[in-house]
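# Chain and residue survey
Listed here are the chains, written in short residue letters.
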Amino acid sequence: MAQPVTITVAATGRKITVPTGLFINNEFVASVDSKETIECYNPATEEVICKVVAGSEKDIDAAVAAARKAFKTTWGKNVTGFERSRLLNKLADLIERDAQELAELEALNNGKPVKIARDFDIGDSVQCLRYYAGWADKILGQTIEVDNKTKFAFTRHDPIGVCGQIIPWNYPINMWSWKVAPALACGCTIVMKPSEITPLTALKLSELIVEAGFPPGVVNTVPSLGSVGGAALSAHMDVDKVAFTGSTITGRKIMEAASKSNLKKVSLELGGKSPNIVFESADLDQAANWVGLGILYNTGQDCTAGSRLFVQDTIYDKFIPMLVEKFKQLKISHAFDEQAGGGPVVSKMQYDKIFSYIESGKQQGAKVILGGEKRPGKGYFVDPTIFVDVKPDMKIVRDEIFGPVLAVAKFSTEEEAIELANDTTYGLGAGLHSNDASQCMRVSQALEAGTVWVNQYNLLNNNVPFGGKKQSGIGRELGSYALEEYTSVKAIHWNYGEKLDWPL
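In what follows, the accompanying structure is described. Treat the numbers as computed from the prediction; the structure is a model and nothing was measured. (Residues numbered from 1 in each chain as written. Predicted model: local features only at pLDDT ≥ 70, side-chain atom pairs only at ≥ 80, totals over all residues. Heavy atoms only, no water.)

A few words on the overall build of the protein. Helices and strands together make up the secondary structure of the protein, namely 14 helices and 22 strands. Along the longest, intermediate and shortest principal axes, the C-alpha atoms of the protein span 80 × 60 × 40 Å. When burial is assessed residue by residue, the protein has 58% of its 504 residues classed as buried. When contacts within the protein are restricted to residue pairs at least 6 apart in sequence, long-range pairs at least 24 apart make up 73% of them. (Helix = DSSP H or I, 4+ residues; strand = E, 2+ residues; numbered from the N terminus. Buried < 20%, exposed > 50% of the residue type's maximum accessible area, 1.4 Å probe, protein only. Contact = heavy atoms within 4.5 Å.)

It is worth spelling out unusual backbone geometry at this point. Most peptide bonds take the trans configuration, and most residues that are not glycine carry a negative phi. The peptide bond linking W502 to P503 adopts the cis configuration, its omega dihedral lying at 0°. By the secondary structure assignment, P503 is in the segment after β22 (487-495). Even without glycine at this site, L263 takes up a positive phi of about 55°. Within the secondary structure layout, L263 lies in the loop between α8 (248-260) and β13 (265-269).

This part is about the state of the cysteines. Per the stated rule, a full pass over the model turns up zero disulfides. Among the cysteines around C50, which has no disulfide bond, C40 carries the closest sulfur, lying 4.6 Å off. Among the cysteines around C303, which has no disulfide bond, C128 carries the closest sulfur, lying 15 Å off. Residue C303 is classed as buried on the basis of its relative accessible area of 12%. (Disulfide = S-S within 2.5 Å.)

Let's shift gears to the packing of helix α2 (residues 81-97) against helix α4 (residues 114-135). Where α2 meets α4, the axes come as close as 8 Å, and the angle between the chain directions of the two elements is 170°. Between α2 and α4, the angle falls in the class roughly antiparallel. Between α2 and α4 lies a crossing whose hand is left-handed. On α4, the residues that touch S85, L88, N89, L91, A92, D93, I95 and E96 of α2 are I122, V126, L129, R130, Y132 and A133. Classifying every residue of the contact of α2 with α4 gives nine nonpolar, two polar and three charged. (Axes fitted to C-alpha atoms, helices over the stretch in contact; angles between N-to-C directions. Parallel < 35°, antiparallel > 145°, perpendicular 65-115°, else oblique. Left-handed = near helix turned anticlockwise from the far one by under 90°. Nonpolar A, V, L, I, M, F, W, Y, C, P; charged D, E, K, R; others polar.)

Quick look at a negative patch on the surface now. Side chains of E280, D313, E416 and E419 sit close together on the surface and give a patch of like negative charge. Structurally, the position occupied by E419 is in helix α13 (residues 414-422). Take E419: its relative accessible area is 61%, and that puts it in the exposed class. (Patch = residues over 30% accessible without salt bridge, like charges linked within 9 Å, V, L, I, M, F, W, Y side chains within 5 Å. Areas by Shrake-Rupley, 256 points an atom, 1.4 Å probe, with all protein chains shown as cover. Salt bridge = Lys/Arg side-chain N within 4 Å of Asp/Glu carboxyl O. Lys, Arg positive; Asp, Glu negative; His and termini not counted. Charge placed at Lys NZ, Arg CZ, Asp CG, Glu CD.)

So, in structure tokens, the structure goes:
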């Protein structure tokens, strides 16, 4: 058995005991065949927090077997929706009880401010679990008229089975809840692969799975490298569905592996290069606030980040200085600074990637009017950065950077704004700011994105579906639509009156 470690949070003095093993069948265990470990870093200090067991392909096999056994015996169609609802609500209560501890652990491993992890990520996760707890006993089919004298048909929405769930490092707890809640509500079992960069809170949440009373095997957690655990889940012949949030490149690999194995169901929430449009009729002060939230929230590590800003030429010279001042007001600091609105980016790899794009923007002729320089000292801190004079073919305009880097361009007409906004291979999010109601309706319908925000940005609700168009993914999370990702529809035809003559 892998031994837990005790982490002391220097800023608060809190001691947090963290499991380091693989969570299979409600127990934390060592790898079946591997001695490999994953080092977990604090991005504010660049120091190792602890090491956890790195799962192997055989460990994925063990977790899938546990999930399959639970699906056939203690979960799936063997437990009522009322019981699934009760357990989900209990899990939500436990997460709410431990919110401060979970937030501090999240802050250590991910870098985001404690207050944001606690009040937003964890608060939303609790709400997500409770929302789907409300759905657990309301998974309904249809009764369909065929012939009222002799037969009818009805449908069942059966749980799809064993689900491989692969979550990213930018919102470790939040993405855990988005995947776990609808799957459990529908009666599916889970093999969770958290990001190898931020596995600690997924392991801590696994303790609460046991405390809540879920049967062994219903939820399993296998920290692993994506090329090992993620690949194994995607190609596994006994996994019925894979849900993935992450890059478009990895999403392609998952879809390919799913098609080459058992044609398992796939849902993908992938990258974005989302446009944010400010029209001349907008409330400019509020628009600047929302633009700031759109690109600087979570230090820009957000798949819907509004990283391409288009400002109407009639207000451009007035709006840009307002925006620069707003960006300067946001403090990027360590996670335990109560004044911090953002923390370091998650890793050295991400830090280097962001600055490579900043250098590319400079070299290709864009003008930096804020930020764009490295801080001295430790920590993967990236300050808010604004580029102007950008061209459509620049890498900072085409590629997802996943950092607090904004590319700004002008436009003259509504038609031009729509054309510029839609000039991307992605289609996850988009925003527009205008006080012309007709314009809001026209533009929101014309934007090619799965989510469009009008006079706001980056806010999501658990009862509203979320997902992408184009190369930003397939399928939907959140809302009632997410239930469709974890169920399969069975049609049952019932004959109670027709006699078949034979031979034909």
